[in-house]
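Residues per chain, in single letters:
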Amino acid sequence: MSLLITRRRAAAAVLTTALLVPLAACGNDDSGTDKDSAAGAEPSNSASGAPKADLTVLAAASLTDVFKEAGAAYEKENPGTKVTFSFAGSQELAAQVKQGAPADALVTADTKTMDGLTGETGTPTVIAKNRLVIAVGEGNPEKVENLKDLSDTKLKVVLAAPEVPVGRYSKQILDAQKIAVKPVSQEPNVRAVLSKVELGEADAGLVYKTDAETATDKVDAIDIPDAENAVASYPAATLKASKHSEAAAAFVAWLSTPAAQKILQGAGFQQP
């Protein structure tokens, strides 16, 4: 009797194993899919296909306001991606790149600075252009009308330092018109120049048109004729040291899309 029971138990065990094998196979298929997902590249955002990542973008000070808006728009279009900006003068940003600062992309206010980083960046693309204006106190109390007025020694004029893009553009247009200006200070970036005028520490300063438009309640902008002006170009590029190269490339490419261009031009930037 015991032998019969043993045989029945053995047969039941074989049947159970046979039934479990297909189930195990199905389980292996599911787990295999999970492993493939885990082992693959960074997950992509469903909307655009751009890889998700926390990006750090070094950007010229004159892009401060518009890039905050653009960054928010990009994050909305690409759920799971976060864009953090570090704003400074282009020359400061270049120094940071050369020193190995951890970042994924760079946008400068001139091509010269970007060209000096050829070994550190991908191929740059100009995403916007800008022009200079004369920023004066609200109501233009000193009655500044044109570039020539800046040579008046009674005026407190502030400029950006010559190694800063806006400072270089300022020197370019003043030299072209043979106008000698002795600034009371030379600032490290365009926002510092604007701040001096806003605070009344300077009567006038040369800034980008877009910067003056961020402070219309405190400063007035005197237009400079195109023939006497300079055009500032803003190139954007990925950084070769980026740990998120695909995500960085997607962001840089997005800056040339209609959505990004609408934001840039809405802030007063010109088409590239």
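- An unreviewed UniProt entry lists the protein chain under the name Molybdate ABC transporter substrate-binding protein, with Streptomyces microflavus given as the organism.
- The annotation that UniProt attaches to the protein chain under Sequence similarities (unreviewed entry) is "Belongs to the bacterial solute-binding protein ModA family."

## A few points about helix α9 (residues 258–266)
- The complete set of buried residues in α9 reads A260, Q261, I263 and L264. End-on, the buried residues of α9 take up no more than an arc of 160°, which puts them together on one face. Facing away from the buried side of α9 by over 90 degrees, the exposed positions are P258, K262 and G266.

## A few points about the packing of helix α2 (residues 64–77) against α9
- Where α2 contacts α9, the axes come no closer than 9 Å and their chain directions differ by 155°. One finds that α2 runs roughly antiparallel with respect to α9. Along this stretch, α2 crosses α9, giving a crossing that reads as right-handed. Taken together, the residues of α9 that come into contact with α2 (itself represented by V66, F67, E69, A70, A73 and E77) are A259, I263 and L264.
- A class-by-class count of the residues in the contact of α2 with α9 yields seven nonpolar, no polar and two charged.

Cut-off values and rules
Residues numbered from 1 in each chain as written. Predicted model: local features only at pLDDT ≥ 70, side-chain atom pairs only at ≥ 80, totals over all residues. Heavy atoms only, no water. UniProt positions renumbered as here; feature names shortened; annotations may be inferred. Buried < 20%, exposed > 50% of the residue type's maximum accessible area, 1.4 Å probe, protein only. Helix = DSSP H or I, 4+ residues; strand = E, 2+ residues; numbered from the N terminus. Arc of directions from axis to C-beta. Axes fitted to C-alpha atoms, helices over the stretch in contact; angles between N-to-C directions. Parallel < 35°, antiparallel > 145°, perpendicular 65-115°, else oblique. Left-handed = near helix turned anticlockwise from the far one by under 90°. Contact = heavy atoms within 4.5 Å. Nonpolar A, V, L, I, M, F, W, Y, C, P; charged D, E, K, R; others polar.

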